[in-house]
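Spelled out from the first residue to the last, the chains are:
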Amino acid sequence: MCGIVGYWGRRNAGSILLQAIRNLEYRGYDSVGICTSNGEILAIRKDKGKVEEVNGRHSLHEMTGNIGIAHTRWATTGKVTKKNAHPHTDCTKSIAVVHNGIIENYERIRERLRAKGHAFQSETDTETIAHLLEENIHLGIGQAMISVAKELEGRNAFVALFGNEGVIAGVRKGSPLIVGVGGEEYFVASDIPAFLEHTKKVMYIDDGQMVVINNGIHFFDIDSQKSVEKRIVEIVLDMKQAEKGDYEHFLIKEIMEQKETLFRAINQDEDEIRKFAEEINQAFGVFFIGAGTAGRVGLMGEYIFSKIAKKHVNFVLASEFPSYEHFLTSKTLLIPISQSGETADVMKAVEVAKKKGVKVVSIINVKGSTLDRISDHSFLVNSGIEKSVASTKATTGQLAIVFLLAYACAGRLEEGKRLLIDTASEVNDMLNPRYEAHIKRLAKKIGRRDHIYIIGRGLNYPVALEAAIKITEVSCIHAEGFAGGELKHYSIALISDGVPCIAFVANDETMADMLNNAAEVKARGGYIIGVSPEKHEIFDYWLKVPDVGNTSPIVNIIPGQMLAYHLGLERGMDIDYCRNLAKSVTVL
Ligand code: F6R
């Protein structure tokens, strides 16, 4: 959450930073700001709104100077106002700061600094960093950064620009920060896409470390204050993945990319899959964890392992996992699932598990992410950069890996892999313009409704929950998923004339019960949208899906994604930037 970036080099910082925050905009889009320096004075332009709006009003691209910092905000402390937009400065206006995270003890620090005469301009926690640096600058930049970093509580990353000295410095303490190394220039940013068009060479800053960039680059451990050696790593990422191409939105581009991303996810090292499956079989307690959509994949994992491997694994929401710490031993296995590999809830859960000696093997899309680096092993989903806030192609990729593991645990990896390859081919056929047009017609029919209910059973119960997530975040229609069997216990009270109810009716042991549940809804006036390989009389609208057997959750996820997209369009939503959300959730 929040995209932060710093540039130190010979070129015009304004236009480089502007492009960098465009590339980080998925991390937050409440307000933006840039500060550049020509070696003496700091120039700051910032405002409410998304990058293009603020650039339209303030011509950020025209800002001169060869060093600078920039920010795109997802508000935590302080309302969305121009004053609260980053960068923030100290009283002398020679130190500027951009920040990602939450400073838990900022009120205490602010009171102390106010008593010393510091004048605060904003409601943010970030501003305390600038004034604290001012207090400590007599120690020199390195020492000032270290003492400020030590004082801040919570998960944070920040980059400071010291105008008088022409120095940029960054601290990583719980939130991501990565260095990009160009010819005669350096970048320091929350995420690699910020600088990918300039360099593919990166240096990873570990948690509890900081970087200082002047004529060279120096890394330090914050606790020991000792300098740290880093090596340059060349990353393999194609910038085209981060562009929309001919598509109007990233969301539909990423939905369509599932034609091939699924094949990439299935293509795992079979020895590694078998080895880990053996560990799952031997473990005493296996937990999938994740948040939001990745969490729904974890819940699917419970059902998939039960059905295919006859093995009990648990799913716990990452944010709730700390309450389970008493069940953890060194024989427990933790399997975090995460697209970004940066989600704070997941990170905290992993910290809790590691303290108990638990082995952590993750399913991640972003290679080199914090989760990837702190896990004992990672299976990479290989979906490429996912930019739309709503996760799609990473989700089906994660699910494919969960299936591979379950089949491997059952000693049937070959069979599972063949089934997954067939399923991926079916997805390839499914994602055609005719299918999309059919879903678009449905979106026109139901796009003005206030509520949509979604039901599923067994493997497809978590699919119903996931469809509800997609529709809610992209279209802002209230969508809620239920287990088909739960309806009669309470939620059927919500059904009245014309209320849309999506029913996932798989060709499996749950079919008869699901059709009964759909009939119960229809009898109360509900409009039944059936997602199923076969057309059933009870459906008012039918979304056909291929009959793939056990892997039905993979094909069933797709109509939910596409319907969410078209409902979002119908309602004029900002498709790739869901209201109040951000792609990488680095706060608890
Ligand atoms: C919904 C969505 C979110 C994420 C969640 C976890 O479409 O994208 O619910 O799934 O924030 O993010 P990651 O997977 O990056 O840990």
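Being a predicted model, the structure only gives us computed values, none of them experimental. (Residues numbered from 1 in each chain as written. Predicted model: local features only at pLDDT ≥ 70, side-chain atom pairs only at ≥ 80, totals over all residues. Heavy atoms only, no water.)

### What to know about the overall build of the protein chain
At step 1: Assigned secondary structure in the protein chain consists of 17 helices and 25 strands.
At step 2: By the compact-globule yardstick of 25 Å for 588 residues, the protein chain fits well, its C-alpha radius of gyration being 25 Å.
At step 3: Projecting the C-alpha coordinates of the protein chain onto the three principal axes gives extents of approximately 75 × 50 × 45 Å.
At step 4: In the protein chain, of all internal contacts separated by at least 6 residues, the share reaching a separation of at least 24 is 71%.
At step 5: Roughly 22100 Å² of accessible area belongs to the protein chain as shown, and the carbon and sulfur atoms make up 48% of that amount.
At step 6: Seen as two clouds, the 69 positive and the 74 negative side-chain charges of the protein chain have centres 1 Å apart. (Helix = DSSP H or I, 4+ residues; strand = E, 2+ residues; numbered from the N terminus. Rg over C-alpha atoms; globule rule 2.2 N^0.38 Å. Contact = heavy atoms within 4.5 Å. Areas by Shrake-Rupley, 256 points an atom, 1.4 Å probe, with all protein chains shown as cover. Lys, Arg positive; Asp, Glu negative; His and termini not counted. Charge placed at Lys NZ, Arg CZ, Asp CG, Glu CD.)

### Some words on the nonpolar core
At step 1: One finds I304, F305, I452, I454, I471, I502 and L563 to be the most contacted residues of the largest nonpolar core, which totals 90 residues.
At step 2: Looking at this core element by element, the count peaks at eleven residues for helix 12 (residues 393-409).
At step 3: Taken domain by domain, this core gets at least three of its residues from each of domain 2 (247-430) and domain 3 (432-574).
At step 4: Among residues more than four places away in sequence, those in contact with I471 are I452, I454, C476, I477, A479, I502, G560, L563, A564 and L567.
At step 5: Judged by nonpolar contacts, the second largest core, of 30 residues, contains A13, I16, L24 and I34. (Core = buried A, V, L, I, M, F, W, Y, C linked by side-chain atoms within 4.5 Å. Buried < 20%, exposed > 50% of the residue type's maximum accessible area, 1.4 Å probe, protein only. Domains from an automatic or database assignment.)

### A word on the packing of aromatic side chains
At step 1: The tally for this structure, following the rule as stated, stands at 13 aromatic pairs.
At step 2: Ring geometry for F321 versus Y324: centroids 6.5 Å apart, planes at 5 degrees, classification stacked.
At step 3: Classification of Y324 as partly exposed rests on a relative accessible area of 30%.
At step 4: Between Y324 and F327 the ring centres are 5.7 Å apart and the planes differ by 80 degrees, which places this aromatic pair in the edge-to-face class.
At step 5: Grouping aromatic residues by their ring pairs yields a cluster made of F287, F321, Y324 and F327. (Phe/Tyr/Trp six-rings, centres within 6.5 Å; stacked < 30°, edge-to-face > 60°.)

### Comments concerning the pattern of salt bridges
At step 1: For the coordinates displayed, the defined rule picks out 30 salt bridges.
At step 2: Among the salt bridges present, the one from K444 reaches E570, with a minimum N-O distance of 2.9 Å. One end of the pair, K444, is in helix 14 (residues 433-446); the other, E570, is in helix 17 (residues 552-570), and 126 residues separate them in sequence.
At step 3: A residue is classified by how much of its surface remains accessible, and K444, at 53% relative accessible area, is exposed.
At step 4: Sharing partners across several salt bridges, the network here consists of E270, R274, E414 and K417. (Salt bridge = Lys/Arg side-chain N within 4 Å of Asp/Glu carboxyl O.)

### Examining the sheet that holds strand 11 (residues 201-204)
At step 1: Taken together, eight strands build an open sheet; the order of strands is 3-2-4-1-10-9-11-15 and the sheet is antiparallel. Two strands lie at the open edges of the sheet, namely strand 3 (42-48) and strand 15 (233-234), each paired on one side alone.
At step 2: Bridge count between strand 1 (residues 3-8) and strand 10 (residues 186-189): four bridges; the pairing is antiparallel. Note on strand 10: the bridge partner recorded for Y7 is F187. (Pairing = 2+ DSSP bridges.)

### Some words on the site of the ligand
At step 1: Every one of the 15 residues lining the ligand counts as a neighbour, but S338, Q339, S340, T343 and E473 are closest to it.
At step 2: Residue S340 places a side-chain N or O atom 2.6 Å away from an oxygen atom belonging to the ligand.
At step 3: In the complex, 90% of the free accessible area of the ligand, which totals 410 Å², lies under the protein chains.
At step 4: Secondary-structure elements contributing two or more residues to the shell around the ligand are helix 9 (292-309) and helix 15 (461-475).
At step 5: Per-class residue counts for the shell around the ligand are six nonpolar, seven polar and two charged.
At step 6: Per-domain counts for the shell around the ligand show at least three residues from each of domain 2 (247-430) and domain 3 (432-574). (Near = heavy atom within 4 Å. Polar contact = N/O pair within 3.5 Å; in protein donor to acceptor, adjacent residues only side chain to side chain. Nonpolar A, V, L, I, M, F, W, Y, C, P; charged D, E, K, R; others polar.)

### Overview of the domain arrangement of the protein chain
At step 1: Parsing the protein chain into structural domains produces domain 1 (3-235), domain 2 (247-430) and domain 3 (432-574).
At step 2: Spacing between the C-alpha centres of domain 1 and domain 3 amounts to 44 Å.

### Here we look at the packing of helix 7 (residues 258-266) against helix 13 (residues 413-430)
At step 1: The geometry of helix 7 relative to helix 13 is characterised by a closest axis approach of 8 Å and an angle of 170 degrees between their N-to-C directions. As judged from the angle between their axes, helix 7 and helix 13 are roughly antiparallel. Between helix 7 and helix 13, the contacting residues are Q258, K259, L262, F263 and I266 on the first element and K417, L420, I421, A424, S425, V427 and N428 on the second.
At step 2: Per-class residue counts for the contact of helix 7 with helix 13 are seven nonpolar, three polar and two charged. (Axes fitted to C-alpha atoms, helices over the stretch in contact; angles between N-to-C directions. Parallel < 35°, antiparallel > 145°, perpendicular 65-115°, else oblique.)

### With respect to the pairing of strand 19 (residues 359-364)
At step 1: Burial analysis of strand 19 places five of its six residues in the buried class, the great majority of the element.
At step 2: Pairing analysis gives four bridges linking strand 18 (residues 333-338) to strand 19, with the strands arranged parallel. Residue L333 lies in a different strand from strand 19, and its bridge partner there is K359.
At step 3: Taken together, strand 18, helix 10 (residues 344-355) and strand 19 form a β-α-β motif whose crossover is right-handed.
At step 4: Looking at chain direction, strand 19 and strand 20 (residues 377-380) are connected through four bridges and run parallel. Across the sheet, the residue bridging to I364 is L380, located in strand 20. (Right-handed = clockwise from strand over helix to strand, strands pointing away.)

### So, helix 12
At step 1: Taking 1.5 Å per residue as the helical rise, helix 12 with its 17 residues ought to reach 24 Å, and the 25 Å between its terminal C-alpha atoms agrees with that figure.
At step 2: Within helix 12, 17 of the 17 residues are buried, which leaves it mostly tucked inside the rest of the structure.
At step 3: At the C-terminal side of helix 12, G411 shows a positive phi close to 70 degrees. (Expected span 1.5 Å × (residues − 1).)

### Considerations on the environment of I439
At step 1: Position of I439 relative to the elements: it lies in helix 14.
At step 2: Distance from I439 to K311, taken between C-alpha atoms, is 37 Å for residues 128 residues apart in sequence.

### Quick word on the pairing of strand 25 (residues 541-544)
At step 1: A one-sided burial pattern is seen for strand 25, the buried positions being Y541 and L543 and the unburied ones W542 and K544.
At step 2: Both strand 24 (residues 527-532) and strand 25 contribute to a ladder of four bridges, which runs parallel. In the sheet register, V531 faces strand 25, and the bridge partner there is L543.

### Quick word on the sheet that holds strand 19
At step 1: Taken in spatial order, the five strands make up an open sheet running 17-16-18-19-20, and their pairing is parallel. The two strands at the open ends of the sheet, each matched to only one other strand, are strand 17 (314-317) and strand 20. Ignoring which end each strand starts from, the neighbouring axes of this sheet average 25 degrees apart.
At step 2: Where helix 12 meets the sheet, it contacts strand 16 (286-290), strand 18, strand 19 and strand 20, and its direction lies at approximately 135 degrees from that of strand 19.

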